[in-house]
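One-letter residues, chain by chain:
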Amino acid sequence: MAIRLEHGGMIQRALTENLPSHEPERMSTAPAHDVETFDDSGPITADGLLRRRARQKSDALALIDPPNRQMLAQSKVRPLAYADADEAVDALARVFIGLGLDSGDRIVLQLPNFVEAPLAILGAWRAGLTVAIVPMLWRPMELARVCDAIEPKALVGISRFADDKPAETLRDVAATRLSVRFVLGFGDNLPDGVISLDDAMAAERGKVAPPRATRGPSMITFSARTDASLVPLFRYEDEILAQGAMAVLSLSLDRSDTILNAYPFTGPIGLGLGLAPWLIGGATLVQHHPFDYGTFVQQVVTSGATVTAVPGAILDELAKDGLFEETRCRLRRVGRVWSVPELADGATPASPATDRPVFDVYPLGDLASLLLATEGDESRASLPYGPIQLGEDGGGTMFLETKLAGNTSDLLIRGPVVPEGGANGPATRDADNFVASGLRGTVDDGRVRIVRDPALIYHGGFTIAAAELDGLYQAFPGFLDAACFTLPDPVVGDRLFGAVAPSPNVPVSLEALHRFLIERGVSPYKFPDKLLVVRDIPRDADGNILREEILRQV
């Protein structure tokens, strides 16, 4: 789907800036071939943008792997020029089409922040498919839920990652779900039954796959709400590109920039500060799989990164370690990514010791991210209320609008960057096109102050329904009752703990609970760090868990 340009000519300008004057180092090994002419007057698509970059700057560096890829996946680090990236996307599109996948079919991608992630997304889009992208930390329980929710035709993974074998896990999940017809993978030593995408890409080169129109959304990501542990969010291509245009316009990105991306494409920050501005700006995208502090510092220095964004605690640590004073550091803009617990706390951080301009990134309930230049320390822990416009004169293009819903204080958002959930679900558009973000707030002096919903947990970039964790912990045979609770952590947001009422004469063992959750195929980020033994779990008259009462016992 083409980007909706009625929201203002500034999006168009962000997508059609001129090439820089310098000539990039020759990188491409792709054979020359005819590429369709990109018509600037026609619809602007992610697929078309990649073709355009391959035509305009074929030899320029497009994608760079993290330097610790060999350690993480036992596979080689490889940079790709734009022409090579376009060739790889063509090859992947041919594979998907050759398997008989039809326009509008859904596939699941579970890939780390390697170069294969953007290639697979764009290859699927070039084949007209809808991509459901899921976190690397998800295990059989979460993967099976995704298959049940969206009924994908194919699952795509990687042969090895750290101590795990994701492609093997995907194959095992596929064996239990009738909708899945194919399992595909990158890497060596793929298990039986998994089709090698590396082999498929190497088999044919130089043939351009015909573009195919997508029926339905281009991407599905996932969130949670108070009463739903898995909420699909349907993103159209124009919404993703508009999120990238916000970054390009706000940060004045162009083809000379190098974007160091430390966020996966499973959420709006990785999409809005990684994938989309890379395509729109024609920049170089450096992938970092979150999060290795030493590797990240190495990448800042060696990649020539000019733009990046990290959590506030990491940003402060980088400043303390003197990274911004390092002569080889070329960062010209640095982003501070806020977490919901930080916003709810309302504390204003000290500005990091750097002369680089610092911008703020606010994730809005997994729906979108708001990117703003720092307006002053007194307002940084809150959001603008009403229309949020970006432009040279403070107006023009409206990317986002916020409002609170009546007495519930639910934060609603709308705008060209905002996706929605399924029909009649918790993230469905209302009559005015607003979508509930899953956050709550109050209005103070024209700003929105975020208020915590105790039924939602924000841990390591994930939104988790507390009720889901309650149920997982309560299912352990040695507990009469159990509940989760959290304490703040400057890096992960909410740190997880479990309050448990054990059966009489049964020893409490955190390791035993972890083994139980592993056997059930639960993702490790849902494991509690510690257990608190209580006589009973406090509840109100309606049976709702009183987590504040649990905290008083800590």
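Residues numbered from 1 in each chain as written. Predicted model: local features only at pLDDT ≥ 70, side-chain atom pairs only at ≥ 80, totals over all residues. Heavy atoms only, no water.

Here the focus is helix α12 (residues 312-320). Within α12 the residues assigned to the buried category are G312, I314, L315, L318 and A319. Looking straight down α12, one finds that the buried residues subtend no more than 160° of arc, so they occupy a single side. Residues of α12 that are buried make contact with α11 (293-303), β12 (307-311), β13 (333-337) and β14 (358-364). Just downstream of α12 lies G322, where phi reads positive at about 80°. (Buried < 20%, exposed > 50% of the residue type's maximum accessible area, 1.4 Å probe, protein only. Helix = DSSP H or I, 4+ residues; strand = E, 2+ residues; numbered from the N terminus. Arc of directions from axis to C-beta. Contact = heavy atoms within 4.5 Å.)

Overall, mixed pairing links the eight strands, which are arranged β2-β1-β11-β10-β12-β13-β14-β15 in an open sheet. In the strand order of this sheet, the two ends are held by β2 (80-81) and β15 (368-373), each with one partner. When β14 meets β15, the two strands line up antiparallel, connected through six bridges. Residue pairing in the sheet places V361 in a bridge with L371 of β15. Docked against the sheet, helix α10 (residues 268-281) engages β1 (61-64), β10 (258-261), β11 (284-287), β12, β13, β14 and β15, running at close to 155° with respect to β10. (Pairing = 2+ DSSP bridges. Axes fitted to C-alpha atoms, helices over the stretch in contact; angles between N-to-C directions.)

Another aspect to go through is the sheet that holds strand β8 (residues 219-225). One open sheet holds the seven strands; their spatial order is β7-β6-β5-β3-β4-β8-β9, and the pairing between them is mixed. Each edge of the sheet is formed by a strand with only one pairing partner; in this case those strands are β7 (195-196) and β9 (228-235). With five bridges connecting them, strand β5 (residues 154-158) and strand β6 (residues 182-186) associate as parallel partners. Paired with V156 across the strands is L184, a residue of β6. Most of the contacts of helix α6 (residues 140-150) go to β9, to which it runs at about 55°, and overall it touches β3 (106-109), β4 (130-133), β5, β8 and β9. Packing of helix α7 (residues 166-174) onto the sheet brings it into contact with β5 and β6, and relative to β5 it is tilted by some 160°.

Looking now at the pairing of strand β20 (residues 435-444). Relative to β20, strand β19 (residues 410-414) runs antiparallel, the two being bridged by three bridges. Its bridge partner lying in β20, D410 is registered against R440. Hairpin connection, β20 to strand β21 (residues 447-451): the antiparallel pair is bridged by two residues, and D445 has positive phi, about 55°.

In this section: the packing of helix α4 (residues 82-98) against helix α5 (residues 116-126). The geometry of α4 relative to α5 is characterised by a closest axis approach of 8 Å and an angle of 55° between their N-to-C directions. As the angle between them shows, α4 and α5 are arranged oblique. The element α4 and its partner α5 pack so that their crossing is right-handed. Note on element contacts: α5 touches α4 through L119, A120, L122, G123, A124 and R126, opposite A85, D86, A88, V89, D90, L92, A93 and F96. Considering only residue class, the contact of α4 with α5 consists of 10 nonpolar, one polar and three charged. (Parallel < 35°, antiparallel > 145°, perpendicular 65-115°, else oblique. Left-handed = near helix turned anticlockwise from the far one by under 90°. Nonpolar A, V, L, I, M, F, W, Y, C, P; charged D, E, K, R; others polar.)

Looking now at the nonpolar core. Of all hydrophobic cores here, the largest spans 126 residues; its most connected members are L63, I107, I121, W125, L273, W278 and L370. In contact with I107, other than residues within four places in its own chain, are F96, L101, A124, L129, T130, V131, A132, P152, A154 and V156. In terms of nonpolar packing, the next biggest core, distinct from the first, is built from 41 residues, W138, C147, L170 and A482 among them. (Core = buried A, V, L, I, M, F, W, Y, C linked by side-chain atoms within 4.5 Å.)

Where α11 meets α12, the axes come as close as 12 Å, and the angle between the chain directions of the two elements is 65°. Where α11 crosses over α12, the handedness of that crossing is right-handed. Note on element contacts: α12 touches α11 through I314, E317 and L318, opposite Y293, F296 and V297. Here the contact of α11 with α12 is composed, by residue class, of five nonpolar, no polar and one charged.

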